[in-house]
Amino acid sequence: PTNKPTLREWQPPQLFDKDEERDQKLLVLVQGLLQEKQSILIVCQDDAAVKALQQKWSNLGFPDNVIFYTNDSNRTSEDIFEQKRQKERNAKGEKIAGSLVVASCLSRGDNPDVDHVIILDLTDENDIGQKGGRVGRFGKKGTVHQLYSK
């Protein structure tokens with residue numbers, strides 16, 4: 001099988017009193033992982049949450065290896081993953097940078113090839129499992145982070 005839960009490390013959930021506290025922790029986590037050339041997927045509950053995060057981060061000077069993906073972006077998930085690969089790798093296929101994809105609209109079976117998944121919305125156990133299941137695929141280890149606000 002392509003999906004191996006044993007390769008997936010689940011970090012303990014973190015609960016914050018305010019969205020601002022969670023967002024600050026998220027920003028620090030993402031910046032650190034990008035510096036380590038890690039590939040990150042932030043899974044949002046819906047397109048509005050993706051757009052809100054894009055708006056919050058628009059003035060932070062993030063590098064252009066950040067991709068915000070919504071249902072109305074007129075691209076397929078495969079288009080997004082190809083764009084991600086191009087931002088991460090040189091012509092020889094060597095990883096030269098980390099990347100961040102922020103999305104709400106991935107489907108079962110999508111393989112974004114990421115090192116970390118960050119879940120921001122507390123939903124049911126099956127949904128969380130599906131979102132976390134984007135890592136630990138094809139023999140590659142991955143980490144799931146859960147950052148929730150009340």
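Structure: see above.
Asker: Explain the packing of helix H1 (residues 19-35) against helix H2 (residues 47-57) here, please?
Answerer: Geometry of a packed helix pair, given as the angle between the helix axes and the separation of the axes. Where H1 contacts H2, the axes come no closer than 13 Å and their chain directions differ by 75°. By the angle between their axes, H1 is roughly perpendicular relative to H2. Across the interface between the two elements, Asp23, Leu26, Leu27 and Val30 of H1 pack against Leu53, Lys56 and Trp57 of H2. When the residues that make up the contact of H1 with H2 are grouped by side-chain class, the tally is five nonpolar, no polar and two charged.

Asker: Would you mind showing me how to read the pattern of salt bridges here?
Answerer: When the charged atoms of two side chains with opposite charge come close together, those side chains can pair. With the rule as written, the count across this model stands at 10 salt bridges. For Lys56, the salt bridge goes to Asp23, with nearest N and O atoms at 2.5 Å. In this pair, Lys56 is assigned in helix H2 and Asp23 in helix H1, connecting sequence segments 33 residues apart. The class of Asp23 is buried, set by a relative accessible area of 10%. One network of salt bridges, in which partners are shared, links Lys95, Asp113, Asp115 and Lys140.

Asker: I keep staring at the pairing of strand E7 (residues 142-149) and nothing clicks. Help me out?
Answerer: Successive side chains on a regular strand alternate, one facing one side of the sheet and the next facing the other. A large share of E7 lies buried, amounting to seven of its eight residues. Where the polypeptide runs from strand E6 (residues 116-119) across helix H4 (residues 125-132) and back to E7, its parallel neighbour, the crossover connection is right-handed.

Asker: Could you clarify how one ought to interpret the side chain of Thr70 in this entry?
Answerer: With respect to the secondary-structure elements, Thr70 resides in the loop between strand E4 (66-69) and helix H3 (77-88). Not counting chain neighbours up to four residues away, the residues in contact with Thr70 comprise Asp47, Val50, Lys51 and Cys105.

What counts, and at which threshold
- Residues numbered from 1 in each chain as written.
- Predicted model: local features only at pLDDT ≥ 70, side-chain atom pairs only at ≥ 80, totals over all residues.
- Heavy atoms only, no water.
- Axes fitted to C-alpha atoms, helices over the stretch in contact; angles between N-to-C directions.
- Helix = DSSP H or I, 4+ residues; strand = E, 2+ residues; numbered from the N terminus.
- Parallel < 35°, antiparallel > 145°, perpendicular 65-115°, else oblique.
- Contact = heavy atoms within 4.5 Å.
- Nonpolar A, V, L, I, M, F, W, Y, C, P; charged D, E, K, R; others polar.
- Salt bridge = Lys/Arg side-chain N within 4 Å of Asp/Glu carboxyl O.
- Buried < 20%, exposed > 50% of the residue type's maximum accessible area, 1.4 Å probe, protein only.
- Right-handed = clockwise from strand over helix to strand, strands pointing away.

By themselves, these observations are geometric and do not establish any function.
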